[in-house]
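Notes for the structure review
Here is how the chains run, residue by residue.
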Amino acid sequence: MNPYSVGVEHEGYADDPAWSTDAVSRSSAALTCHLTDKYGIPKDCAAGTPFPTWGTDVSVRQRPTADSARVATLPGPTSVRVACQVHGGLVEYDGYSNDAWSYLPDHGGYVSNIVIDVDDAWLPGVPTC
């Protein structure tokens with residue numbers, strides 16, 4: 001259980017389409033709508049906590065490691081939405097080291113928390129992925 005998402009589990013078998021009816025889909029949608037309204041959960045599937053960044057040409061990586069493929073670049077200091085964070089590859093820069101990485105849903109990848117402009121290595125209030 002968490003305050004960031006809603007999950008609805010359906011009884012049945014994925015390989016038997018008879019279990020998945022239009023009525024079940026509509027009921028699930030209505031329940032999800034009710035719960036997101038009641039508990040103030042965003043419906044855009046892109047919730048996240050905004051944080052400032054520093055640095056230029058910051059690589060957003062496919063996985064939480066510096067040698068993973070680059071999926072985007074942050075051209076300069078900006079604000080990013082962080083959905084969650086994980087421990088990944090160690091990054092060392094200017095006397096600092098950190099293995100925490102943040103997932104940026106708007107960019108479809110991870111950045112090292114070293115480029116997030118806050119004092120804490122592990123971002124406050126951000127759940128683990």
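This section reports on the structure supplied with the text. Remember, predicted model here, so these are calculated numbers, not experimental data.

The next point concerns unusual backbone geometry. Phi angles above zero are rare outside glycine, and Asp 57 is one such case at about 50 degrees. Considering the arrangement of structural elements, one finds Asp 57 in the loop between strand 1 (49-52) and strand 2 (58-61). Its identity is not glycine, yet Asp 94 carries a phi of approximately 50 degrees, on the positive side. Looking at the secondary structure, you find Asp 94 in the loop between strand 5 (84-93) and strand 6 (96-104).

For the coordinates displayed, the defined rule picks out one salt bridge. Note that Arg 81 is salt-bridged to Asp 106, the shortest N-O span being 2.4 Å. Here Arg 81 is found in strand 4 (residues 79-82), whereas its partner Asp 106 is found in the loop between strand 6 and strand 7 (109-112), with 25 residues between them in sequence. Classification of Arg 81 by relative accessible area gives partly exposed; the value is 23%.

This part is about the nonpolar core. If you look at the biggest cluster of nonpolar residues, it comprises 13 residues, and the most contacted ones within it are Leu 74, Val 82, Leu 104, Val 111 and Ile 116. Breaking this core down by element, the ones donating at least two residues are strand 2, strand 3 (70-74) and strand 4. Contacts of Val 82, omitting those with residues within four sequence positions, involve Gly 48, Thr 49, Phe 51, Ser 102, Tyr 103, Leu 104, Ile 116, Leu 123 and Val 126. One finds Val 86, Val 91, Trp 101 and Tyr 110 within the second-largest nonpolar core, a separate group that totals five residues.

Now for the side chain of Arg 61. Structurally, the position occupied by Arg 61 is in strand 2. Look at Arg 61: it is buried, it has no salt bridge, and the nearest opposite charge is Asp 67 at 7.5 Å. A polar contact is formed between the side chain of Arg 61 and the backbone oxygen of Ser 68, at a distance of 2.8 Å. Among all residues touching Arg 61, those that are not within four sequence positions of it are Ala 66, Ser 68, Ala 69, Arg 70, Val 71, Trp 101, Gly 109 and Tyr 110.

Before going further, it helps to examine the pairing of strand 2. Working note: regular strand, side chains alternate between the two faces of the sheet. Burial along strand 2 is two-sided: the face carrying Val 58 and Val 60 and the face carrying Ser 59 and Arg 61 are both buried. Here four bridges tie strand 2 to strand 3, and the two strands are oriented antiparallel to one another. Note that in strand 3 the partner of Arg 61 across the bridge is Arg 70.

What counts as what
- Residues numbered from 1 in each chain as written.
- Predicted model: local features only at pLDDT ≥ 70, side-chain atom pairs only at ≥ 80, totals over all residues.
- Heavy atoms only, no water.
- Helix = DSSP H or I, 4+ residues; strand = E, 2+ residues; numbered from the N terminus.
- Salt bridge = Lys/Arg side-chain N within 4 Å of Asp/Glu carboxyl O.
- Buried < 20%, exposed > 50% of the residue type's maximum accessible area, 1.4 Å probe, protein only.
- Core = buried A, V, L, I, M, F, W, Y, C linked by side-chain atoms within 4.5 Å.
- Contact = heavy atoms within 4.5 Å.
- Lys, Arg positive; Asp, Glu negative; His and termini not counted.
- Polar contact = N/O pair within 3.5 Å; in protein donor to acceptor, adjacent residues only side chain to side chain.
- Pairing = 2+ DSSP bridges.

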